[in-house]
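Observations on chain architecture
Each chain, letter by letter, is given below.
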Amino acid sequence: MKHAYTNNLIHETSPYLLQHAHNPVDWNPWNETVLEQAKKENKLILISVGYAACHWCHVMEHESFEDTIVAELMNLKFINIKVDREERPDIDQVYMNAVQLMTGSGGWPMNVIALPDGRPVWGGTYFRKEQWMSALEQISDLYRKHPEKLYEYADKLEQGIKAMDVVTLNKEEAEFKLEFIDQTVKNWEAHFDHKFGGFKRAPKFMMPNNYHFLLRYAYQHKHKDLQKFVNLTLTQMAYGGLYDQVGGGFSRYSTDVNWHIPHFEKMLYDNAQLVSLYSDAYLITKDPLYKDIVYETLEFVERELTAQNGAFYSSLDADSNMPNGTLEEGAFYVWQKEELQKILGSSYELFSEYYNINNYGLWENSQYVLIRKDSDEKILKTHKLSLEDLNKKKAEWKQLLLEKREKRNRPRLDDKTLTSWNALMIKGYVDAYRVFGEENFLKTAEKNANFILNVQLREDGGLNHNYKNNTSTINGYLEDYATTIDAYLALYENTLNVKWLSAARDLTNYAFDYFYEETNSMFYFTSNKDPLLVSRSTEYRDNVIPASNSMMAKNLFKLSRYFDNNYYHKTATNMLNNIKPEMQEYGSNYSNWLDLMLNYTEPFYEVVVSGTEAHEKIKELNKKYIPNKILAGATKESSLPLLENRFIENETFIYVCVNQACQLPVKEVKEAIKQIKN
């Protein structure tokens, strides 16, 4: 196909950047050459940030960036740069902080105008064509007539951006008490939605780490009401249109309060964390719904987001390319009543009740998003069915609809591989293996873990962030190290293969060398090898993915036990203490830190298994939800500090220790569990 326009994005590998390669806008990728050009020509820089699965990014592209009149204005007055936020989260973070300071909110697409030196002076998110053109005219006029005003504003804004992520060393003694966590959760509870679960607002994001912490806290402290709230949330999310009832897997968020209508993009990182969350929730509740969610979500990941080499792709778009050339949001996932009647025949009546093909399930234009309202028990009672019959019918329905759906225009796939998101998915597979014992889950996790080790790990010991077209690129960010270390620790705990523990330690030491700031005991998001941006940020607030610093602090806490390393422990403690003053006001932003704090407020156990039956004992131990422990083990003599001098020929002993003080070794898992206060 011959295109009327082609710009400098044509040489990129990011699917998002390539989507814009034939816009009439003279887009450039972010690189030093383009930044130097802006300085040389003394031109304002227009930076537009988005990602491949973003619906409103596509809308703005269609309305403005494909328009030749808009493009003419942009090309005349600005150096135009397109950024894939998933490839370059460092750039996204700096300019998102600027937009939040300027407007009070943020999102994608994100559009920023910067001075030739890269410092932002104006920004926002989605703009309609007229608004966009008007803003560009005004800013370029101001720059031509009164550039000093923009430079003065840039100076102030730069200080604001740098102040946003400043973490100072907390010199007060590190003291972590359960009462502090109790009060934080109490403040947080005011925002809970006790009807549909989640928080009292729309749109509703799933925030898996929030519920992972609340799940653990409620379980360890026998808070029945909180346990009930977490289970309500997990059930309602699984019942909602947010969850793909036909093909498995979750969309990024719900546009309404009852998890019904999703924003249809599906992200790897959400599904990875939700597999971990539902696996642990199953371990506590034994709710078969949670098991179904884990298995169906992993089937979706295997079917639609997994490459032959074991790497995981990034996302599926919210939109489908329709035959008439337009993009249509959710077209792949929604159903018409007549269509369902035709496919399902005599089963339609029961199906329509189960998935609410009625006013409750109606979206728009006679289209339905499948959503559940009632439990299986209620359906069984109403229709006098056996559970076996219902499960059989559900499997048939899903197969029929999946086959039909596969013939539709598919959502676009973002087939780049990101190290951090892949590591989250490894952790999801390992957690599912730990709980359900499926060997295939472990094999998939190990395959991807080896992919990171063999392909994304450089000879100098550092990680690359991105992989596409058989090429590993972009120097890794702190999130790549934090998530990979966490995944490798989980692999070690389930396989006892010391290679994963050693790799986790090596990556940790690399992070200390290139990311660590000694003055405040925190880690920068970017390596000191990377070119400097407006600000070198420290990511510490938990979001849809936990902050890279909170993950690093948890990793260091565990590694300090494995390697008897007091420096690791002291760093983790300092990091938590630094964040403590902010934590109580908004628990949702600090849930991973709160989870770490629980390790300090309760006994934290080192459970060590040494002997020929170590693997069997570890598997059995993992069938019990024990969040306040690490596991170590070996089937032979080991030099690991926790395992030294503990191997006895033809015997298997379990040692339960707290702070290097161990109880009498036992041979049976049930005896070891009795020694653990959970």
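Use the structure listed above.
Cut-offs used in this document
Residues numbered from 1 in each chain as written. Predicted model: local features only at pLDDT ≥ 70, side-chain atom pairs only at ≥ 80, totals over all residues. Heavy atoms only, no water. Helix = DSSP H or I, 4+ residues; strand = E, 2+ residues; numbered from the N terminus. Expected span 1.5 Å × (residues − 1). Buried < 20%, exposed > 50% of the residue type's maximum accessible area, 1.4 Å probe, protein only. Pairing = 2+ DSSP bridges. Patch = residues over 30% accessible without salt bridge, like charges linked within 9 Å, V, L, I, M, F, W, Y side chains within 5 Å. Areas by Shrake-Rupley, 256 points an atom, 1.4 Å probe, with all protein chains shown as cover. Salt bridge = Lys/Arg side-chain N within 4 Å of Asp/Glu carboxyl O. Lys, Arg positive; Asp, Glu negative; His and termini not counted. Charge placed at Lys NZ, Arg CZ, Asp CG, Glu CD. Contact = heavy atoms within 4.5 Å. Axes fitted to C-alpha atoms, helices over the stretch in contact; angles between N-to-C directions. Right-handed = clockwise from strand over helix to strand, strands pointing away. Phe/Tyr/Trp six-rings, centres within 6.5 Å; stacked < 30°, edge-to-face > 60°.

The terminal C-alpha atoms of helix 5 (residues 89-103) lie 20 Å apart, and with 15 residues this matches the ideal 21 Å at 1.5 Å per residue to within 8%. The element helix 5 is largely enclosed, with a buried count of eleven among its 15 residues. Looking only at helix 5, the buried set comprises P89, D90, I91, D92, Q93, V94, Y95, M96, N97, A98 and V99. Downstream of helix 5 by one or two residues, G104 has phi in the positive range, about 90 degrees.

Ordered in space as 1-3-2-4-5, the five strands form an open sheet in which the pairing is mixed. Single-partner strands in this sheet number two, and they are strand 1 (27-28) and strand 5 (120-124). Where strand 2 (residues 44-50) and strand 3 (residues 78-84) come together, seven bridges link them in parallel fashion. Paired with S48 across the two strands is K82, which belongs to strand 3.

On to a positive patch on the surface, then. A surface patch of like charges, here positive, comprises K222, K224, K286, K624 and K677. In this structure, K286 sits in the loop between helix 11 (268-285) and helix 12 (288-304).

The next point concerns the sheet that holds strand 20 (residues 605-611). Strand order in the open sheet formed by four strands is 21-20-22-23, with mixed pairing between adjacent strands. The strands lining the two open edges of the sheet, one partner per strand, are strand 21 (629-634) and strand 23 (661-662). Here two bridges tie strand 22 (residues 652-658) to strand 23, and the two strands are oriented antiparallel to one another. If you follow V658 over to strand 23, its bridge partner there is A661. In this fold helix 24 (residues 614-621) packs onto strand 20, strand 21 and strand 22, with an angle of close to 150 degrees to the strand it touches most, strand 20.

Moving on, we get to the pairing of strand 21. For a regular strand, the rule is simple: side chains alternate between the two faces of the sheet. Burial runs high along strand 21: six of the six residues are buried. What you see with strand 21 is no split at all: K629, L631 and G633 on one side and I630, A632 and A634 on the other are buried throughout. Following the backbone out of strand 20, through helix 24 and into the adjacent parallel strand 21, one traces a crossover that is right-handed.

This next bit is on the packing of aromatic side chains. The tally for this structure, following the rule as stated, stands at 50 aromatic pairs. Plain terms: the ring middles of Y488 and W500 are 4.9 Å apart, the flat faces sit at 50 degrees to each other, and that makes the pair tilted. Remark: W500 occurs in helix 20 (residues 498-515) and Y488 occurs in helix 19 (residues 478-495); sequence separation between them is twelve residues. The exposure class of Y488 is buried, given its relative accessible area of 0%. Judged by relative accessible area, which is 1%, W500 ranks as buried.

If you check helix 20, its first and last C-alpha atoms are 25 Å apart, about what 18 residues at 1.5 Å a residue would give, namely 26 Å. Among all positions of helix 20, only W500, L501, A503, A504, L507, T508, Y510, A511, F512 and F515 are buried.

Our next topic: the pattern of salt bridges. Under the criterion given, the structure shown has 43 salt bridges. For the salt bridge of E158 with K162, the shortest nitrogen-to-oxygen distance reads 2.9 Å. With a gap of four residues between them, E158 and K162 both fall in helix 7 (residues 147-164), about one helical turn apart. Accessibility expressed as a relative area gives 16% for E158, which makes it buried. As a salt-bridge pair, D244 and R405 come within 2.8 Å of each other at their nearest N and O atoms. Highlighted residues: D244 in the loop between helix 10 (224-239) and strand 7 (253-254) and R405 in helix 16 (residues 387-405), separated in sequence by 161 residues. One exposure class covers both D244 and R405, and it is buried. By sharing partners, the salt bridges in this structure join D117, R119, D155, E158 and K162 into a single network.

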